[in-house]
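Residues per chain, in single letters:
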Amino acid sequence: MPTSLADQLPVYPAGNVGDAPLEHALAEIQELKRQRNAVILAHNYQIPAIQDLADFVGDSLGLSLQAQRTEADEIVFCGVHFMAETAAILCPDKRVLIPDLDAGCSLADSITAEQLRAWKDEHPGAVAVVYVNCSADVKAEADYCCTSANALKLVQSIPSDKEILFAPDMFLGDYLRTNTNRKLHVWMGECHVHAGIRPRHVEEVWADYPEADLLIHPECGCVSQVMWHLSQGDFPADRTHVLSTAGMVAAAENSDANEFLVATETGIIHQMQQRQPNKTFVPIKADAECEFMKMITLDKLLNTMRGGIHEVTVEPDIARRALRSIERMVAVT
Ligand code: SF4
């Protein structure tokens, strides 16, 4: 993180934040954070200005686990709604605020709790695994929650005679089915941002950077075909890495490679470039931007912190059952 306000200023656009000049707004956010005993969490896909002033930047579950460890009374979650819900489930003793309650997620919206219940009824005895990108109601109906970092290990830990229902992401589900050979039924949901990243985008960019490593998120619409190309020997297996967002950031730090092609939402490149200023990061699709993530702005953050508004809560019974599916994930991964 930048060490002072002055260090941060060059990365922000000129002008006002709401009714305050930029530097005043940044100083006020820091002061409100102190007064409210709050912690600011920012997802890797947030705008650079938000990433730079956050206390922690990371993926959704990692951020909530960070928040559990702090002494803060309040969590200001700069991300989308299901992420703030997860923080509320994991941190019941803290207030969770989000700068825009309408910051949703096309993937989370692709399945409801009612739909999952009906799907489970069609497959009695099956184990329901849901990706963390879903609502608290859906998590409460599942046997296990998972992240893109632990989904493979979690599915492999389920007894081999069990059928598995996987929701809501069809690309991650297909990736899991291919890599585990399990009887795995996949819900046909998708994130519109990742689904738009296609194999031809990978081929075009890789042609320009033939020495680069490819970092690819398993939600991407190209992932199954990338795996197929890998099996055919068309793509270099030692330079193709299917990773969660946190895994991508870590890989860029720990790898000897100097060039990385990044197949996910482009906001993550700011975080990578901050940590590794001497390496080159190229988006596979330059306009892969999530408009829900970008709904969180500095003026909305300031407004939320001034008023202590936009609290995200989860009904206690839903929270208890959703927590169980998260804890079962933690126990096996
Ligand atoms: S990038 Fe996709 S999965 Fe992530 S918040 Fe946006 S719509 Fe949801």
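In this text the structure is predicted, and so the values were computed from the model without any measurement. (Residues numbered from 1 in each chain as written. Predicted model: local features only at pLDDT ≥ 70, side-chain atom pairs only at ≥ 80, totals over all residues. Heavy atoms only, no water.)

1. Observations regarding helix H6 (residues 113-122)
Alright, step 1. Among the residues making up H6, those that are buried are Ala113, Leu116 and Trp119. Summarising the axial view, the buried residues of H6 lie within an arc of 120°, below the 170-degree limit, and thus occupy one face. Those residues of H6 that are exposed and angled more than 90 degrees off the buried face are Glu114, Asp121 and Glu122.
Alright, step 2. In this structure, the buried residues of H6 make contact with strand S7 (127-131), helix H7 (136-141), strand S9 (164-167) and strand S10 (184-186). (Buried < 20%, exposed > 50% of the residue type's maximum accessible area, 1.4 Å probe, protein only. Helix = DSSP H or I, 4+ residues; strand = E, 2+ residues; numbered from the N terminus. Arc of directions from axis to C-beta. Contact = heavy atoms within 4.5 Å.)

2. Considering the packing of helix H9 (residues 170-180) against helix H12 (residues 223-231)
Alright, step 1. Relative orientation of the contacting elements H9 and H12 amounts to 30°, with a least axis distance of 9 Å. As summarised for this structure, H9 and H12 are arranged roughly parallel, according to the angle between their axes. Here H9 contributes Phe171, Asp174, Tyr175 and Asn179 to the contact with H12, which in turn contributes Val223, Ser224 and Met227.
Alright, step 2. Grouping the constituent residues of the contact of H9 with H12 by class yields four nonpolar, two polar and one charged. (Axes fitted to C-alpha atoms, helices over the stretch in contact; angles between N-to-C directions. Parallel < 35°, antiparallel > 145°, perpendicular 65-115°, else oblique. Nonpolar A, V, L, I, M, F, W, Y, C, P; charged D, E, K, R; others polar.)

3. Notes on the domain arrangement of the protein chain
Alright, step 1. When cut into domains, the protein chain gives domain 1 (5-104 + 293-313), domain 2 (108-189) and domain 3 (193-283).
Alright, step 2. A C-alpha centroid distance of 28 Å is found between domain 1 and domain 3.
Alright, step 3. Domain 1 puts nine residues into the contact, and the matching count from domain 3 is 13 residues.
Alright, step 4. Carbon and sulfur atoms supply 47% of the area buried between domain 1 and domain 3, which totals about 870 Å² over both sides.
Alright, step 5. There are one salt bridge connecting domain 1 and domain 3.
Alright, step 6. Between the two partners, domain 1 and domain 3, sit nine residue pairs in polar contact (both at pLDDT 80 or more).
Alright, step 7. At three residues, helix H3 (residues 48-53) tops the list of elements feeding residues into the side of domain 1 that touches domain 3. (Domains from an automatic or database assignment. Buried area = accessible area lost by both parts, 1.4 Å probe. Salt bridge = Lys/Arg side-chain N within 4 Å of Asp/Glu carboxyl O. Polar contact = N/O pair within 3.5 Å; in protein donor to acceptor, adjacent residues only side chain to side chain.)

4. A short note on the sheet that holds strand S14 (residues 280-283)
Alright, step 1. Taken together, the four strands give an open sheet; going across it, the order is S12-S11-S13-S14, and neighbouring strands pair in parallel fashion. Each edge of the sheet is formed by a strand with only one pairing partner; in this case those strands are strand S12 (240-242) and S14. Taking each pair of neighbouring strands and ignoring which way they run, the sheet shows an average axis angle of 20°.
Alright, step 2. Strand direction decides the pairing type here: strand S11 (residues 213-216) and S12, joined by three bridges, are parallel. The partner of Leu215 across the bridge, within S12, is His241.
Alright, step 3. Contacts between helix H14 (residues 268-275) and the sheet are confined to S11, strand S13 (259-263) and S14, with S14 contributing the most and set at about 175° to the helix. (Pairing = 2+ DSSP bridges.)

5. Side note on the nonpolar core
Alright, step 1. Core analysis: the biggest nonpolar cluster contains 110 residues, and Ile40, Ile75, Phe77, Val129, Leu298 and Leu301 have the highest contact counts within it.
Alright, step 2. Within the second largest apolar cluster, eleven residues are counted, among which are Ile111, Leu116, Ala126 and Cys134. (Core = buried A, V, L, I, M, F, W, Y, C linked by side-chain atoms within 4.5 Å.)

6. Section: the pairing of S7
Alright, step 1. With respect to burial, S7 is a largely interior element, five of its five residues being buried.
Alright, step 2. Of the two faces of S7, the one carrying Val127, Val129 and Tyr131 and the one carrying Ala128 and Val130 are both buried.
Alright, step 3. The sheet contact formed by S7 and S9 spans four bridges and is parallel. Bridged to Val127 within S9 is Ile164.
Alright, step 4. Of the pairings in the sheet, the one linking S7 to strand S8 (residues 144-146) comprises three bridges and is parallel in character. Bridge pairing links Val129 to Tyr144 in S8.
Alright, step 5. Viewed along the sheet, the connection from S7 through H7 into S8 turns out right-handed. (Right-handed = clockwise from strand over helix to strand, strands pointing away.)

7. Re the sheet that holds strand S3 (residues 38-43)
Alright, step 1. Within the open sheet, the four strands sit side by side as S4-S3-S5-S6. Their pairing is parallel. If you trace the sheet from one side to the other, it starts and ends with strand S4 (56-58) and strand S6 (95-97), each paired once. In this sheet, neighbouring strand axes are inclined to one another by 25° on average, regardless of whether the strands run parallel or antiparallel.
Alright, step 2. In the sheet, S3 pairs with strand S5 (residues 74-78) via five bridges, with the strands oriented parallel. Note that in S5 the partner of Val39 across the bridge is Ile75.

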